[in-house]
Amino acid sequence: MVSSAISRLTNLHRHLLPADSKLLESDDVSGLMKISPEVAEALSSGQPVVALESTVISHGMPYPQNLETAKQLEAIVRVNGAIPATIAILDGVPCIGLSMEDLQKLANLGTRAQKTARRDIAHVVSTRGNGATTVSATMFFASKVGIPIFVTGGIGGVHRHGENTLDVSSDLTELGRTPVAVVSAGVKSILDIPRTLEYLETQGVCVATYATNDFPAFFTERSGCQEEKVFSCLDGFDRSFSSSNNKFCVEDRVPCRVDTPEDCARLIDANVKLRLGTGILFAVPIPKEYSASGRLIEDAIQRAIGEARTKNITGNAETPFLLSRVNELTGGASLASNIALLKNNARVGAKIAAALAQLRGHQNGVQHGLWRTEGVRLIRLPELIRYIFLLSTG
Ligand SMILES: O=c1[nH]cc([C@@H]2O[C@H](COP(=O)(O)O)[C@@H](O)[C@H]2O)c(=O)[nH]1
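Worth saying up front: this structure is predicted, and the values here are computed from it rather than measured. (Residues numbered from 1 in each chain as written. Predicted model: local features only at pLDDT ≥ 70, side-chain atom pairs only at ≥ 80, totals over all residues. Heavy atoms only, no water.)

Draft legend 1. Structural detail: the packing of helix H7 (residues 135–145) against helix H9 (residues 170–177). Packing of H7 against H9 leaves a shortest axis separation of 8 Å and a crossing angle of 25°. On the basis of their axis angle, the class for H7 and H9 is roughly parallel. Listed contacts from H9 to Val135, Ser136, Met139 and Phe140 of H7 are Ser170, Asp171, Glu174 and Leu175. Here the contact of H7 with H9 is composed, by residue class, of four nonpolar, two polar and two charged. (Axes fitted to C-alpha atoms, helices over the stretch in contact; angles between N-to-C directions. Helix = DSSP H or I, 4+ residues; strand = E, 2+ residues; numbered from the N terminus. Parallel < 35°, antiparallel > 145°, perpendicular 65-115°, else oblique. Contact = heavy atoms within 4.5 Å. Nonpolar A, V, L, I, M, F, W, Y, C, P; charged D, E, K, R; others polar.)

As structure tokens, this is what we get:
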């Protein structure tokens, strides 16, 4: 009963989306997913929706802070005008929007949930497993149901020594192929930030810094990679903590700066309308009061990277190892910073989603003759007829 209602809502959502949003779901796999009634309703009525990932819950922090943080992020999204849609695979079913019980289950599972990137999705579904989605998998599912904005803490990137190991997160290739805007606090300095930016450029991804010229490094506000600034680490430029290990010359540019949620909304809108097909990375610096401990955390990162090498911890085990080891070494300071920046990103992401919904509502109102239903959303006449027809035929 509920699933048929959801599937009807999903169908309606498809009919009622602005034409450009349909680009986000050219093939139909949404029937294979469980969309929560609240998210389905929000999507079908054009309300702003923000996707949230689940690896940060299962692998990013310990219980019970993970559960508390997941709940708080959802609450922040709501307070700032959007509906949260946390995404995970539960018992083999991709779920878009989790109940409190689902969140509890995922938080309890912790690292027993499989860290699920794009490549792992089919395996987790076919074995009816529990998968915590990374940025790449969350973007995939968000795009399939038409959610244009997704909030995370930090994306994966090119690992240090990636030029030898080819350890490059699938988050970067996903950004190159999926038109979802990702809000993150930049890239953690456990990674090679200049090479990560290079790779995103190769993938054609628009990287936009939010109210700063300097690409942020997750725990710190600055990475040393600046807007419209080309520089070389060989000539002594202070590239901050993150890049201190790079011994060669890299051209780093963050060519786009945005200052308000409205700027972000216009950028997303242009990206979709131009059918570029690529994602956008919004890099939002950690709030100032939490970035003070950056140097302390950086020292811990250096030590943790050394330990990972000694213990031969590589591949998708490396990021969780580094995160938890850095947390131990900083006596919890890195966890507090991590939570603070996640909350900040949730706030910014929800405001962007609200601005985008408003922009689209305004454009639709200006460009077409529209019907207003219940004062909630604007509908075109043919869509309204189809809507009534679908309701009457079930
Ligand atoms: O600061 C963080 N970076 C990255 C992750 C998670 O790790 C994934 C990247 O993992 P990998 O490097 O194995 O691609 C991201 O998509 C995200 O889910 C995280 O929790 N915290």
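Draft legend 2. Structural context of the packing of aromatic side chains. With the rule as written, the count across this model stands at two aromatic pairs. Summarising the aromatic geometry, the rings of Phe140 and Phe141 are spaced 5.2 Å apart at their centres and angled 70° between planes, so their arrangement reads as edge-to-face. No difference in accessibility class separates Phe140 from Phe141, as the two residues are buried. On the numbers, 4.9 Å between centres and 90° between planes, the contact of Phe218 with Phe219 is edge-to-face. For the pair formed by Phe218 and Phe219, the shared burial category is buried. Taking NZ or CZ as reference, Lys188 lies 3.9 Å from the ring centre of Phe218, over its face. (Phe/Tyr/Trp six-rings, centres within 6.5 Å; stacked < 30°, edge-to-face > 60°. Buried < 20%, exposed > 50% of the residue type's maximum accessible area, 1.4 Å probe, protein only. Lys NZ or Arg CZ within 6 Å of the ring centre and 35° of its normal.)

Draft legend 3. Structural context of the site of the ligand. Near the ligand, the surroundings consist of 15 residues, among which Glu53, Val135, Ser169, Asp171 and Lys188 are the closest. Measuring from a nitrogen atom of the ligand, one finds a backbone N or O atom of Gly154 at 3.3 Å. Its free accessible area being 470 Å², the ligand has 92% of it covered by the protein chains. (Near = heavy atom within 4 Å. Polar contact = N/O pair within 3.5 Å; in protein donor to acceptor, adjacent residues only side chain to side chain. Areas by Shrake-Rupley, 256 points an atom, 1.4 Å probe, with all protein chains shown as cover.)

Draft legend 4. View of the nonpolar core. Counting residues in each nonpolar core, the largest one holds 105 residues, and the members touching the most others are Ile96, Ile147, Phe215, Ile268 and Phe282. Broken down by element, the residue count for this core peaks at twelve residues, all from helix H15 (residues 333–367). (Core = buried A, V, L, I, M, F, W, Y, C linked by side-chain atoms within 4.5 Å.)

Draft legend 5. Geometry of helix H4 (residues 65–79). In a regular helix each residue adds 1.5 Å, so 15 residues correspond to 21 Å; H4 covers 21 Å between its end C-alpha atoms and thus fits that length. Listed as buried for H4 are Asn66, Leu67, Thr69, Ala70, Leu73, Glu74, Ile76 and Val77. (Expected span 1.5 Å × (residues − 1).)

Draft legend 6. Layout of the packing of H4 against helix H5 (residues 100–109). At a minimum axis separation of 9 Å, H4 and H5 run at an interaxial angle of 145°. As H4 runs across H5, the sense of the crossing is right-handed. Contacts between H4 and H5 involve Asn66, Leu67, Ala70, Lys71 and Glu74 from the former and Met100, Leu103, Gln104 and Ala107 from the latter. Considering only residue class, the contact of H4 with H5 consists of five nonpolar, two polar and two charged. (Left-handed = near helix turned anticlockwise from the far one by under 90°.)

Draft legend 7. Representation of the pattern of salt bridges in the model. In the structure shown here, the tally under the stated rule is 15 salt bridges. Close ionic contact of Arg325 with Glu307 constitutes a salt bridge, the shortest N to O distance being 2.5 Å. Placement of the pair is Arg325 in helix H14 (residues 318–329) and Glu307 in helix H13 (residues 294–310), with a sequence separation of 18 residues. Of the two residues examined, Arg325 and Glu307, each falls in the buried class. One salt bridge connects Glu328 with Arg325, and the closest N-O pair in it is separated by 2.6 Å. Remark: Arg325 and Glu328 occur in helix H14; sequence separation between them is three residues, near one turn of the helix. You can call Glu328 exposed: its relative accessible area is 53%. (Salt bridge = Lys/Arg side-chain N within 4 Å of Asp/Glu carboxyl O.)

Draft legend 8. Structural view of the pairing of strand E9 (residues 206–210). When you tally the buried positions in E9, you get four out of five residues, the bulk of the element. Pairing of E9 with strand E12 (residues 256–258), which is carried by three bridges, proceeds in the parallel orientation. Residue pairing in the sheet places Tyr210 in a bridge with Val258 of E12. (Pairing = 2+ DSSP bridges.)

Draft legend 9. Spotlight on unusual backbone geometry. Here the amide bond leading from Tyr63 into Pro64 is cis, since omega sits at 5°, within 30 degrees of zero. Topologically, Pro64 is positioned in the loop between helix H3 (55–58) and H4. If you check the backbone angles, Asp91 has positive phi at about 50° while not being a glycine. Secondary-structure assignment places Asp91 in the loop between strand E3 (83–90) and strand E4 (93–96). Positive phi, normally seen in glycine, also occurs at Asn312, with a value near 55°. Along the chain, Asn312 falls in the loop between H13 and H14.

Draft legend 10. How the structure looks around helix H2 (residues 37–44). When we look at burial in H2, the residues that qualify are Val39, Ala40, Ala42, Leu43 and Ser44. Of the residues trailing H2, Gly46 is marked for its positive phi of about 75°.

Draft legend 11. A look at the environment of Gly306. With respect to the element layout, Gly306 can be found in helix H13. For Gly306, a relative accessible area of 32% gives the class partly exposed. When the C-alpha atoms of Gly306 and Met61 are compared, they prove to be 21 Å apart, with 245 residues separating the residues in sequence.

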